[in-house]
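Tertiary structure, described
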Amino acid sequence: MADILKITDLHVSVEDKPILKGVDLTIRRGETHALMGPNGSGKSTLGLAIMGHPRYEVTSGQIMLDDVDLLELEADERAKAGLFMAFQRPTSIPGVKLADFLRHATTNIRRPERKEGEDLIPMREFRKELREKMDHLRMNADFARRYVNEGFSGGEMKRAEILQMAMLRPSFAVLDETDSGLDVDAVRLASESIAEIGGKDMGVLIITHHDKLLEHNRPDVTHVMLDGRIVETGGPELAVELHQNGYDRIRAKYGDESSALAAAATEEG
Ligand SMILES: Nc1ncnc2c1ncn2[C@@H]1O[C@H](COP(=O)(O)OP(=O)(O)O)[C@@H](O)[C@H]1O
Ligand SMILES: [Mg+2]
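Numbers given to residues run from 1 along each chain, matching the order in which its sequence is written. Here the convention is simple: chains get letters from A, ligands get numbers from 1, in the order in which they are written. In view of the model being predicted, local features appear only for residues whose pLDDT reaches at least 70, and side-chain atom pairs are presented and counted only at 80 or more, with totals across whole chains, interfaces and linings using the full set of residues. Based on all heavy atoms of the structure, the side-chain values leave hydrogens and waters out of the count.

Digging into the site of ligand 1
In the neighbourhood of ligand 1, 13 residues make up the surrounding shell, with Gly40, Lys43, Ser44, Thr45 and Tyr56 lying closest. Polar contacts here mean pairs of N or O atoms no more than 3.5 Å apart (in protein, one a potential hydrogen donor and the other a potential acceptor; neighbouring residues in sequence count only if both atoms are side-chain atoms). In this structure, an oxygen atom belonging to ligand 1 sits 2.7 Å away from a main-chain N or O atom of Gly40. Within the side chain of Thr45, one N or O atom sits 2.5 Å away from an oxygen atom of ligand 1. For ligand 1, whose accessible area on its own is 560 Å², the fraction buried by protein is 70%. Helix and strand labels come from DSSP, where a helix needs a run of H or I of at least four residues and a strand needs a run of E of at least two; each type is numbered from the N terminus. Of all the elements in the fold, those that place two or more residues in the shell around ligand 1 are strand S2 (17-28) and helix H1 (43-51). For the shell around ligand 1, the element with the highest residue contribution is H1, accounting for three residues. The residue makeup of the shell around ligand 1, split by class, is four nonpolar, six polar and three charged. One heavy atom within 4 Å of a molecule or strand makes the whole residue count as near it. For the area figures, the Shrake-Rupley method with a 1.4 Å probe applies, and any residue is considered shielded solely by the protein chains shown. Under the convention adopted here, Pro, Cys and the residues Ala, Val, Leu, Ile, Met, Phe, Trp and Tyr are nonpolar, Asp, Glu, Lys and Arg are charged, and Gly plus all remaining residues are polar.

Set out below in C-alpha coordinates:
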(Lines give C-alpha, C1' and ligand atoms only; values in the text may rest on other atoms or scores of the structure.)
(Ligands and ions follow the chains in the order given, each with its own letter.)
Protein backbone atom coordinates (compact mmCIF):
# COMPACT_ATOMS: atom_id res chain seq x y z
CA MET A 1 0.00 0.00 0.00
CA ALA A 2 1.11 3.50 -0.78
CA ASP A 3 1.99 5.70 2.20
CA ILE A 4 2.23 9.31 1.02
CA LEU A 5 0.21 11.37 -1.41
CA LYS A 6 2.17 14.51 -2.19
CA ILE A 7 0.92 17.40 -4.27
CA THR A 8 3.38 20.14 -5.14
CA ASP A 9 2.63 23.56 -6.67
CA LEU A 10 -0.30 22.18 -8.64
CA HIS A 11 -1.84 24.35 -11.35
CA VAL A 12 -4.98 23.09 -13.09
CA SER A 13 -7.04 24.58 -15.91
CA VAL A 14 -10.49 23.68 -17.15
CA GLU A 15 -11.14 24.64 -20.75
CA ASP A 16 -8.07 26.89 -20.66
CA LYS A 17 -9.34 28.74 -17.58
CA PRO A 18 -6.88 28.50 -14.68
CA ILE A 19 -8.70 27.17 -11.60
CA LEU A 20 -6.00 25.87 -9.25
CA LYS A 21 -3.14 28.29 -8.82
CA GLY A 22 -0.43 26.49 -6.91
CA VAL A 23 -1.71 23.91 -4.42
CA ASP A 24 0.61 22.10 -2.00
CA LEU A 25 -0.81 19.24 0.05
CA THR A 26 0.72 16.17 1.64
CA ILE A 27 -1.41 13.39 3.13
CA ARG A 28 0.03 10.36 4.87
CA ARG A 29 -1.86 7.08 5.04
CA GLY A 30 -3.76 7.03 8.33
CA GLU A 31 -4.37 10.79 8.35
CA THR A 32 -7.68 12.55 7.82
CA HIS A 33 -7.59 15.99 6.21
CA ALA A 34 -10.58 18.29 5.84
CA LEU A 35 -10.76 20.59 2.82
CA MET A 36 -13.13 23.49 3.24
CA GLY A 37 -13.78 26.70 1.36
CA PRO A 38 -16.57 28.65 -0.36
CA ASN A 39 -18.36 27.27 -3.42
CA GLY A 40 -16.34 27.69 -6.58
CA SER A 41 -13.00 27.90 -4.78
CA GLY A 42 -11.66 24.78 -6.56
CA LYS A 43 -12.16 21.93 -4.06
CA SER A 44 -13.80 19.52 -6.52
CA THR A 45 -11.26 20.52 -9.16
CA LEU A 46 -8.47 19.39 -6.82
CA GLY A 47 -10.15 16.02 -6.25
CA LEU A 48 -10.81 15.48 -9.95
CA ALA A 49 -7.24 16.45 -10.86
CA ILE A 50 -5.90 13.95 -8.29
CA MET A 51 -8.07 11.25 -9.87
CA GLY A 52 -7.03 12.16 -13.42
CA HIS A 53 -10.29 13.43 -14.90
CA PRO A 54 -9.45 14.18 -18.56
CA ARG A 55 -11.12 17.63 -18.59
CA TYR A 56 -8.94 18.90 -15.75
CA GLU A 57 -5.62 19.79 -17.30
CA VAL A 58 -2.59 19.93 -15.05
CA THR A 59 -0.54 22.78 -16.50
CA SER A 60 2.26 22.52 -13.93
CA GLY A 61 3.18 20.92 -10.64
CA GLN A 62 3.34 17.35 -9.37
CA ILE A 63 1.14 14.67 -7.85
CA MET A 64 3.14 11.77 -6.41
CA LEU A 65 1.92 8.61 -4.69
CA ASP A 66 5.08 7.42 -2.90
CA ASP A 67 7.54 7.44 -5.81
CA VAL A 68 4.92 6.99 -8.54
CA ASP A 69 4.20 10.02 -10.71
CA LEU A 70 0.40 9.97 -10.92
CA LEU A 71 0.35 12.49 -13.75
CA GLU A 72 1.79 9.74 -15.95
CA LEU A 73 -1.16 7.45 -15.19
CA GLU A 74 -4.70 7.27 -16.56
CA ALA A 75 -7.62 7.41 -14.12
CA ASP A 76 -8.07 3.60 -14.02
CA GLU A 77 -4.36 3.12 -13.36
CA ARG A 78 -4.56 5.63 -10.51
CA ALA A 79 -7.42 3.62 -9.01
CA LYS A 80 -5.28 0.49 -9.25
CA ALA A 81 -2.47 2.38 -7.54
CA GLY A 82 -4.80 2.86 -4.55
CA LEU A 83 -6.75 6.09 -5.12
CA PHE A 84 -10.50 6.51 -4.81
CA MET A 85 -12.85 9.44 -5.16
CA ALA A 86 -16.46 9.69 -4.06
CA PHE A 87 -17.91 12.26 -6.45
CA GLN A 88 -19.93 15.29 -5.45
CA ARG A 89 -22.24 14.58 -8.38
CA PRO A 90 -21.94 10.90 -9.33
CA THR A 91 -22.99 10.03 -12.88
CA SER A 92 -25.61 7.43 -13.62
CA ILE A 93 -24.86 4.46 -15.88
CA PRO A 94 -28.19 3.30 -17.31
CA GLY A 95 -28.14 -0.39 -18.24
CA VAL A 96 -25.38 -1.31 -15.78
CA LYS A 97 -26.50 -2.82 -12.50
CA LEU A 98 -24.76 -1.62 -9.36
CA ALA A 99 -23.76 -5.19 -8.39
CA ASP A 100 -22.19 -5.87 -11.83
CA PHE A 101 -20.40 -2.56 -11.78
CA LEU A 102 -18.99 -3.24 -8.31
CA ARG A 103 -17.97 -6.80 -9.20
CA HIS A 104 -15.97 -5.56 -12.19
CA ALA A 105 -14.46 -2.65 -10.30
CA THR A 106 -13.55 -4.78 -7.27
CA THR A 107 -11.97 -7.48 -9.44
CA ASN A 108 -9.94 -4.93 -11.40
CA ILE A 109 -8.63 -3.28 -8.24
CA ARG A 110 -7.81 -6.54 -6.44
CA ARG A 111 -6.27 -8.17 -9.50
CA PRO A 112 -4.65 -5.28 -11.36
CA GLU A 113 -2.92 -7.67 -13.77
CA ARG A 114 -6.26 -9.12 -14.92
CA LYS A 115 -6.97 -8.81 -18.66
CA GLU A 116 -10.37 -7.88 -20.07
CA GLY A 117 -12.42 -11.06 -20.45
CA GLU A 118 -10.66 -13.00 -17.67
CA ASP A 119 -12.59 -14.32 -14.69
CA LEU A 120 -14.18 -12.00 -12.16
CA ILE A 121 -14.21 -12.58 -8.41
CA PRO A 122 -16.44 -15.65 -7.92
CA MET A 123 -20.10 -14.65 -7.70
CA ARG A 124 -20.79 -16.40 -4.40
CA GLU A 125 -17.82 -14.83 -2.66
CA PHE A 126 -18.62 -11.40 -4.10
CA ARG A 127 -22.33 -11.56 -3.21
CA LYS A 128 -21.55 -12.47 0.39
CA GLU A 129 -19.15 -9.59 0.82
CA LEU A 130 -21.47 -7.15 -0.95
CA ARG A 131 -24.43 -8.16 1.19
CA GLU A 132 -22.45 -7.71 4.40
CA LYS A 133 -21.32 -4.24 3.38
CA MET A 134 -24.80 -3.23 2.24
CA ASP A 135 -26.35 -4.43 5.50
CA HIS A 136 -23.80 -2.42 7.33
CA LEU A 137 -24.72 0.72 5.39
CA ARG A 138 -28.38 -0.14 5.90
CA MET A 139 -28.97 -0.37 2.17
CA ASN A 140 -31.82 -2.45 0.88
CA ALA A 141 -30.69 -5.52 -1.12
CA ASP A 142 -32.77 -4.34 -4.11
CA PHE A 143 -30.33 -1.56 -4.53
CA ALA A 144 -27.68 -3.81 -6.05
CA ARG A 145 -30.04 -4.77 -8.87
CA ARG A 146 -30.74 -1.19 -9.88
CA TYR A 147 -28.79 0.64 -12.57
CA VAL A 148 -25.86 2.64 -11.20
CA ASN A 149 -27.22 5.92 -9.80
CA GLU A 150 -30.19 5.84 -12.18
CA GLY A 151 -33.06 7.51 -10.33
CA PHE A 152 -31.17 7.30 -7.01
CA SER A 153 -31.99 10.03 -4.50
CA GLY A 154 -29.14 12.29 -3.42
CA GLY A 155 -28.70 10.25 -0.26
CA GLU A 156 -28.78 6.91 -2.11
CA MET A 157 -26.06 8.09 -4.49
CA LYS A 158 -23.84 9.07 -1.58
CA ARG A 159 -24.41 5.71 0.08
CA ALA A 160 -23.55 3.95 -3.18
CA GLU A 161 -20.26 5.89 -3.25
CA ILE A 162 -19.44 4.78 0.31
CA LEU A 163 -20.34 1.19 -0.61
CA GLN A 164 -17.92 1.40 -3.52
CA MET A 165 -15.19 2.67 -1.20
CA ALA A 166 -15.93 -0.16 1.26
CA MET A 167 -15.50 -2.73 -1.52
CA LEU A 168 -12.41 -1.19 -3.11
CA ARG A 169 -10.54 -0.39 0.13
CA PRO A 170 -8.24 2.30 -1.33
CA SER A 171 -5.14 3.62 0.41
CA PHE A 172 -6.21 7.21 -0.29
CA ALA A 173 -9.75 8.52 -0.69
CA VAL A 174 -11.13 11.91 -1.65
CA LEU A 175 -14.71 12.31 -0.42
CA ASP A 176 -16.33 15.25 -2.16
CA GLU A 177 -19.31 16.51 -0.13
CA THR A 178 -20.36 12.98 0.72
CA ASP A 179 -22.71 14.56 3.26
CA SER A 180 -24.64 16.81 0.89
CA GLY A 181 -28.27 15.81 0.48
CA LEU A 182 -28.21 13.52 3.52
CA ASP A 183 -30.40 14.00 6.56
CA VAL A 184 -28.85 14.08 10.03
CA ASP A 185 -29.14 10.31 10.65
CA ALA A 186 -27.72 9.48 7.24
CA VAL A 187 -24.77 11.81 7.79
CA ARG A 188 -24.06 10.10 11.11
CA LEU A 189 -24.15 6.68 9.45
CA ALA A 190 -21.93 7.93 6.60
CA SER A 191 -19.53 9.46 9.07
CA GLU A 192 -19.28 6.24 11.12
CA SER A 193 -18.89 4.12 8.00
CA ILE A 194 -16.09 6.26 6.63
CA ALA A 195 -14.27 6.03 9.95
CA GLU A 196 -14.70 2.24 10.04
CA ILE A 197 -13.63 1.69 6.45
CA GLY A 198 -10.79 4.15 6.66
CA GLY A 199 -9.58 3.55 10.16
CA LYS A 200 -5.85 3.88 10.46
CA ASP A 201 -5.23 2.29 7.08
CA MET A 202 -6.41 5.01 4.78
CA GLY A 203 -5.48 8.60 4.01
CA VAL A 204 -8.66 10.61 3.62
CA LEU A 205 -9.36 14.04 2.18
CA ILE A 206 -12.85 15.06 3.22
CA ILE A 207 -14.36 17.98 1.33
CA THR A 208 -17.23 19.32 3.41
CA HIS A 209 -18.98 22.38 4.78
CA HIS A 210 -20.44 20.54 7.74
CA ASP A 211 -18.85 19.36 10.94
CA LYS A 212 -21.20 16.37 11.29
CA LEU A 213 -19.19 14.33 8.80
CA LEU A 214 -16.08 15.20 10.77
CA GLU A 215 -17.59 14.03 14.06
CA HIS A 216 -16.30 10.48 13.64
CA ASN A 217 -13.53 11.57 11.33
CA ARG A 218 -11.79 14.23 13.35
CA PRO A 219 -9.38 15.87 10.92
CA ASP A 220 -5.70 15.83 11.79
CA VAL A 221 -5.36 18.78 9.46
CA THR A 222 -7.87 21.31 8.07
CA HIS A 223 -7.19 23.26 4.88
CA VAL A 224 -9.12 26.25 3.57
CA MET A 225 -9.24 26.90 -0.14
CA LEU A 226 -10.04 30.26 -1.68
CA ASP A 227 -9.78 31.12 -5.34
CA GLY A 228 -7.68 28.10 -6.28
CA ARG A 229 -5.20 28.28 -3.43
CA ILE A 230 -4.96 26.76 0.03
CA VAL A 231 -4.82 29.96 2.05
CA GLU A 232 -4.84 28.56 5.57
CA THR A 233 -4.02 25.25 7.24
CA GLY A 234 -4.76 24.35 10.84
CA GLY A 235 -6.02 21.62 13.13
CA PRO A 236 -9.52 20.32 13.87
CA GLU A 237 -10.47 23.62 15.56
CA LEU A 238 -10.23 25.42 12.20
CA ALA A 239 -12.96 23.16 10.76
CA VAL A 240 -15.17 23.95 13.76
CA GLU A 241 -14.58 27.69 13.42
CA LEU A 242 -15.45 27.71 9.70
CA HIS A 243 -18.53 25.60 10.25
CA GLN A 244 -19.73 27.99 12.95
CA ASN A 245 -18.73 31.33 11.44
CA GLY A 246 -18.52 30.77 7.68
CA TYR A 247 -15.86 32.16 5.40
CA ASP A 248 -16.12 35.94 6.03
CA ARG A 249 -12.88 36.02 7.99
CA ILE A 250 -11.10 34.05 5.26
CA ARG A 251 -12.43 36.28 2.47
CA ALA A 252 -11.55 39.46 4.34
CA LYS A 253 -8.04 38.25 5.01
CA TYR A 254 -7.12 36.55 1.73
CA GLY A 255 -9.78 37.43 -0.85
CA ASP A 256 -9.29 39.95 -3.61
CA GLU A 257 -11.96 42.51 -4.40
CA SER A 258 -13.53 40.49 -7.19
CA SER A 259 -14.08 37.43 -5.05
CA ALA A 260 -15.56 39.63 -2.29
CA LEU A 261 -18.02 41.10 -4.81
CA ALA A 262 -18.83 37.64 -6.15
CA ALA A 263 -19.47 36.43 -2.61
CA ALA A 264 -21.75 39.39 -1.89
CA ALA A 265 -23.68 38.70 -5.11
CA THR A 266 -24.12 34.99 -4.20
CA GLU A 267 -25.33 35.85 -0.71
CA GLU A 268 -27.89 38.31 -2.09
CA GLY A 269 -29.07 35.91 -4.80
N1 LIG B 1 -16.11 21.07 -15.81
C2 LIG B 1 -16.01 22.41 -15.65
N3 LIG B 1 -16.26 23.25 -16.68
C4 LIG B 1 -16.15 24.59 -16.51
N5 LIG B 1 -15.82 25.19 -15.37
C6 LIG B 1 -15.57 24.41 -14.33
C7 LIG B 1 -15.65 22.98 -14.40
N8 LIG B 1 -15.33 22.46 -13.19
C9 LIG B 1 -15.08 23.52 -12.41
N10 LIG B 1 -15.20 24.68 -13.07
C11 LIG B 1 -15.01 26.03 -12.51
O12 LIG B 1 -13.93 25.97 -11.62
C13 LIG B 1 -14.16 26.74 -10.46
C14 LIG B 1 -14.01 25.85 -9.24
O15 LIG B 1 -15.05 24.88 -9.23
P16 LIG B 1 -15.09 23.67 -8.23
O17 LIG B 1 -13.78 22.98 -8.24
O18 LIG B 1 -16.29 22.85 -8.58
O19 LIG B 1 -15.28 24.40 -6.84
P20 LIG B 1 -15.83 23.87 -5.44
O21 LIG B 1 -15.83 22.37 -5.49
O22 LIG B 1 -14.89 24.43 -4.43
O23 LIG B 1 -17.20 24.44 -5.29
C24 LIG B 1 -15.55 27.34 -10.63
O25 LIG B 1 -15.38 28.64 -11.12
C26 LIG B 1 -16.19 26.44 -11.67
O27 LIG B 1 -17.14 27.14 -12.41
MG1 LIG C 1 -17.34 21.03 -5.29
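Section: the pairing of S2
Pairing between two strands requires that DSSP report at least two bridges joining them. Bridging between strand S1 (residues 4-14) and S2 involves nine bridges; their strand directions are antiparallel. Of the residues in S2, the one forming a bridge with Leu5 is Ile27. The antiparallel hairpin formed by S1 and S2 contains two residues in its connecting segment, where Glu15 sits at a positive phi of about 45°.

Side note on the coordination of the magnesium ion (ligand 2)
Atoms of type N, O and S within 2.8 Å of a metal are treated as its donors, and for Na, K and Ca the window is 3.2 Å; water is not considered, so some sites may appear to be missing partners. Taken together, Ser44 (OG) and Gln88 (OE1) make up the full set of protein donors to the magnesium ion (ligand 2), lying 2.0 to 2.2 Å away. Of this pair, Ser44 sits in helix H1 while Gln88 sits in the loop between strand S6 (83-86) and strand S7 (93-97), placing them 44 residues apart in sequence.

A short note on the pattern of salt bridges
Counted as salt bridges are all cases of a side-chain nitrogen of Lys or Arg within 4 Å of a carboxyl oxygen of Asp or Glu. Counted under the stated rule, the structure contains 14 salt bridges. In this structure, Arg29 and Asp3 form a salt bridge, with 3.0 Å as the shortest nitrogen-oxygen distance. Of this pair, Arg29 sits in the loop between S2 and strand S3 (32-36) while Asp3 sits in the segment before S1, placing them 26 residues apart in sequence. Residue Arg249 is joined to Glu232 by a salt bridge in which the shortest nitrogen-to-oxygen separation is 2.8 Å. Of the two residues, Arg249 is situated in helix H8 (residues 248-254) and Glu232 in strand S12 (residues 229-234); the sequence distance between them amounts to 17 residues. One continuous salt-bridge network, built from bridges that share partners, spans Arg110, Glu129, Lys133 and Arg169.

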